[in-house]
Amino acid sequence: QVQLVESGGGLVQPGGSLRLSCAASGLRLDYFAIGWFRQAPGKEREGVSCISSDGNTYYTDSVKGRFTISRDNAKNTVYLEMNSLKPEDTAVYYCATESQCGLGPYDYWGQGTQVTVSS
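Residues numbered from 1 in each chain as written. Predicted model: local features only at pLDDT ≥ 70, side-chain atom pairs only at ≥ 80, totals over all residues. Heavy atoms only, no water.

**Student:** Explanation requested: the state of the cysteines in the structure shown.
**Tutor:** Disulfide: a covalent bond connecting the sulfur atoms of a pair of cysteines. A complete count under the given rule lists two disulfides for this structure. Two residues share a disulfide in this structure: C22 and C95, whose sulfurs sit 2.0 Å from each other. Looking along the S-S bond of the C22-C95 disulfide, the torsion reads about 75°, which is the right-handed sense. Placement of C22 in strand 3 (residues 18-25) and of C95 in strand 9 (residues 91-98) is noted, with a sequence separation of 73 residues between them. Between the sulfur atoms of C50 and its disulfide mate C101 the distance is 2.1 Å. Residues C50 and C101 share a disulfide whose torsion about the S-S bond is about -85°; that sign makes it left-handed. Of the two residues, C50 sits in strand 5 (residues 46-51) while C101 sits in the loop between strand 9 and strand 10 (113-117), which places them 51 residues apart along the sequence. By relative accessible area, C50 is classed as buried at 3%. Classification of C101 by relative accessible area gives partly exposed; the value is 27%. Disulfides within the chain link the bonded cysteines, taken in sequence order, as 1-3, 2-4. (Disulfide = S-S within 2.5 Å. Helix = DSSP H or I, 4+ residues; strand = E, 2+ residues; numbered from the N terminus. Buried < 20%, exposed > 50% of the residue type's maximum accessible area, 1.4 Å probe, protein only.)

Nothing here speaks to function; it is all geometry.
Right, dumping it as structure tokens:
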């Protein structure tokens, strides 16, 4: 059974940090590019970051310099380190597989983890 599970979300004050994890089972995560997405209330899903199978990374402009994506193939896990968090980062964060960053297809998704940035 294929499963992606996000964890690490929570409540943090503006300027704080969180590290999200995307743990895979039933597939080898290193065979895929892994994207992080987020969806805030009343807004469409937004691509946040992606890491390719060979380690190339991508960030949307709004998080560049604040977020860092990485992977640990031995643990079959991808991480998103989130620093200098802002209220507008508040959203449910999802990870998904794709063949190459930006190209899809997004065949597998996790259930999401809530990130709330508030004073």
